[in-house]
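Given next are the chains, with one letter for each unit.
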Amino acid sequence: MTDTNTILEALRPVQDPELQKSLVELNMIRNISLENGDLSFTLVLTTPACPLKEMIVDDCKKAVQDLPGVETVEIEVSSETPQQKSVPDRESVPGVKNIIAVSSGKGGVGKSSVAVNLAVSLAQSGAKVGLLDADIYGPNAPSMLGLAEAKVRVQESPKGEVLEPAFNHGVKLVSMGFLIDTDQPVVWRGPMLNGIIRQFLYQVNWGELDYMVVDLPPGTGDAQLTLAQAVPMSGAVIVTTPQDVSLMDARRGLKMFEQLGVTVLGMVENMSYFIPPDLPDRRYDLFGSGGGEKAAKELNVPLLGCIPLEISLREGGDCGIPIVVSHPNSASASALSAIAQQVAAKASVAALT
Ligand SMILES: Nc1ncnc2c1ncn2[C@@H]1O[C@H](COP(=O)(O)OP(=O)(O)OP(=O)(O)O)[C@@H](O)[C@H]1O
């Protein structure tokens, strides 16, 4: 007779491909019920943005469908994002499970576009997401999220005054742009950075978040240091373009995160090739091809994906509707969503291993 134990034993060989451990051992199979031949159970993934969801569901089905007494199999999929590891001397943000920094060696490579679309894509998968825009040089996340006119409101709370984040496209946002006068010269904005980053981490009503994405200023400056020394992080994503000069800067960024004890989850190559809007099946390798792959190999970090140059990506940024919302089937939106899944999977692996 097939009972719960038999079903668990049948599922035991099925592994989480990322963690390379049995789903049963990872306690990812719950609520098993078998009634009149109808088997149902819940598969609890480690991130709602799991890139291998379909494959795991398929493997589970195959493992149990031929058991005696089983006629139909129904698998409900849910997720529990694990909490990133704690680090001595660093204060985590209550309620926030994973902090992921997006950084670049130099300006203008598309770091903010990647950070915004990464956050929105994670939210689209069902995760609770916040975006902390720490870029004092170009705090453009508000306009990219359609929140250019938003202001942070201050609320009284038992912990003192806290900021209420703005919200759009499923993402909670606080931005340097809300607090600093962007007409002010950058030299005056710099000294405020440390204090504002801490305020944005600990004095914002973030609530429960699976992921907090941090859009850092370009380079290897105070913001990177402040963030890495304040909170434990799941890791950093480094955005680059195929030209050599920005790869050189990426290398510098990698070194810095290494020295600060922050895992680099991988590299994203932006503006990898050009797709003309009138010929969406054409692709022009303006800078040659395979550069990102080669660089990632040289730097010994995973290449999380390559995003093409597409006019609709810029337009999406300009009009406040990120491309993963406005053109979800475009080549760049697909690349960005796949990158978001990779990042989520790597953050879970880092938390659980
Ligand atoms: N793949 C792409 N295709 C088309 N346009 C892009 C792409 N990536 C970025 N852009 C555009 O390039 C400009 C710079 O991008 P973004 O602001 O994201 O870069 P950044 O690295 O964050 O810059 P900054 O250093 O100013 O913060 C924006 O207008 C953006 O819309």
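Residues numbered from 1 in each chain as written. Predicted model: local features only at pLDDT ≥ 70, side-chain atom pairs only at ≥ 80, totals over all residues.

Looking at an unreviewed UniProt entry, one finds the chain named Iron-sulfur cluster carrier protein, with Dactylococcopsis salina as its source organism. Of the comments in the UniProt record for the chain, the one headed Subunit (unreviewed entry) reads "Homodimer." Comment text from UniProt for the chain, heading Function (unreviewed entry), reads "Binds and transfers iron-sulfur (Fe-S) clusters to target apoproteins. Can hydrolyze ATP." (UniProt positions renumbered as here; feature names shortened; annotations may be inferred.)

Novice: Lay out the overall build of the chain with the relevant residues and their values.
Specialist: Broken down by element type, the chain carries 13 helices and 15 strands. Scaling as 2.2 N^0.38, a compact globule of 353 residues should have a C-alpha radius of gyration of about 20 Å, and the chain matches this with 22 Å. Principal-axis analysis of the C-alpha atoms gives the chain an extent of 75 × 55 × 35 Å. Every one of the 353 residues in the chain was classed for burial, and the buried ones make up 46%. Sequence-distant contacts, at least 24 apart, represent 75% of the contacts inside the chain between residues at least 6 apart. (Helix = DSSP H or I, 4+ residues; strand = E, 2+ residues; numbered from the N terminus. Rg over C-alpha atoms; globule rule 2.2 N^0.38 Å. Buried ≥ 20, exposed ≤ 12 C-beta atoms within 10 Å, placed from the backbone. Contact = placed C-beta atoms within 7 Å.)

Novice: Kindly report on the UniProt feature "domain: MIP18 family-like" (unreviewed entry) in the chain, identifying the contributing residues and their values.
Specialist: Following the UniProt record, the feature "domain: MIP18 family-like" (unreviewed entry) maps to residues 6-75 here. Between the C-alpha atoms that bound residues 6-75 the distance is 17 Å, and the span itself is 26% helix and 33% strand.

Novice: So, the domain arrangement of the chain: which residues are in play, and what are the values?
Specialist: Parsing the chain into structural domains produces domain 1 (4-79) and domain 2 (99-352). Here the C-alpha centroids of domain 1 and domain 2 sit 34 Å apart. Split into classes, the residues belonging to the side of domain 1 that touches domain 2 amount to five nonpolar, two polar and one charged. (Domains from an automatic or database assignment. Nonpolar A, V, L, I, M, F, W, Y, C, P; charged D, E, K, R; others polar.)

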